[in-house]
Amino acid sequence: NKSASATADGNKEKEAVRRANSRSTDRKESKESLAGEQMKVQQSQPVYAQAEPSEGYPALYEYFNRELTYPKEGIADSVQGVVTVVFTVNTRGKPEKISIDQSLGYSFDKEVIRVIENMPLWKPATYNGKPIGSRISLPLTFQMKKIKTQ
């Protein structure tokens, strides 16, 4: 009986298509739930943003070039080099806990600390959107050709 066998074959085909569609839907739902899980994982990972000068680094370096004064005491000895200053940018964007990591001498250190204390505010670092204190290390260069005496 050909029609009975054709109906049986047709039913088998329909069942195969239904199963394939079901697997496809399962895979699609599985991909969607996996994407949702990945989003949850990404959202639960901590987000840290570094502190940065409010006006950007170019403006900060302009400030240093304009305000940093070569100490008179260094002129006679032609002292040149880098003073590395370390400080904390607090949650309000102000520098605190200022220390000298690499020194050229007391008068140079004093000048660097003066400039850091008076520099423009920073955008504080954030952790998951909350402002936090963070340590910053900056090298400031003293060169004889850029003399601006006190």
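Placed above this text is the structure.
**Quick word on helix H4 (residues 106-118)**
- Along its 13 residues, H4 runs 18 Å from first to last C-alpha, staying within 8% of the 18 Å computed at 1.5 Å per residue.
- Those residues of H4 that fall on the buried side of the exposure criterion are Ser 107, Phe 108, Asp 109, Glu 111, Val 112, Val 115 and Ile 116.
- The inward-facing, buried residues of H4 contact helix H2 (57-67), helix H3 (72-75), strand S3 (81-89), strand S4 (95-102) and strand S8 (134-142).

**Structural notes on the sheet that holds S4**
- Strand order in the open sheet formed by 3 strands is S4-S3-S8, and the pairing between neighbours is antiparallel. Each end of this open sheet is capped by a strand with a single partner; those strands are S4 and S8. Strand-to-strand, the axes of this sheet are offset by a mean angle of 25 degrees, without reference to chain direction.
- Pairing of S3 with S8, which is carried by 9 bridges, proceeds in the antiparallel orientation. Of the residues in S8, the one forming a bridge with Phe 87 is Ile 136.
- The sheet contacts of H4 involve S3, S4 and S8, and relative to S4 the element is tilted by about 150 degrees.

**Structural notes on the packing of H2 against H4**
- Orientation of H2 relative to H4, taken along the N-to-C sense of each, is 135 degrees, at an axis distance of 11 Å. With respect to H4, the axis of H2 lies oblique. Note that H2 runs across H4; the crossing there is right-handed. Packed against H2, whose contacting residues are Tyr 63, Phe 64 and Glu 67, the element H4 presents Glu 111, Arg 114, Val 115, Ile 116 and Asn 118 at the interface.
- Class assignment of the residues belonging to the contact of H2 with H4 gives a composition of 4 nonpolar, 1 polar and 3 charged.

Analysis parameters
- Residues numbered from 1 in each chain as written.
- Predicted model: local features only at pLDDT ≥ 70, side-chain atom pairs only at ≥ 80, totals over all residues.
- Heavy atoms only, no water.
- Helix = DSSP H or I, 4+ residues; strand = E, 2+ residues; numbered from the N terminus.
- Expected span 1.5 Å × (residues − 1).
- Buried < 20%, exposed > 50% of the residue type's maximum accessible area, 1.4 Å probe, protein only.
- Contact = heavy atoms within 4.5 Å.
- Pairing = 2+ DSSP bridges.
- Axes fitted to C-alpha atoms, helices over the stretch in contact; angles between N-to-C directions.
- Parallel < 35°, antiparallel > 145°, perpendicular 65-115°, else oblique.
- Left-handed = near helix turned anticlockwise from the far one by under 90°.
- Nonpolar A, V, L, I, M, F, W, Y, C, P; charged D, E, K, R; others polar.

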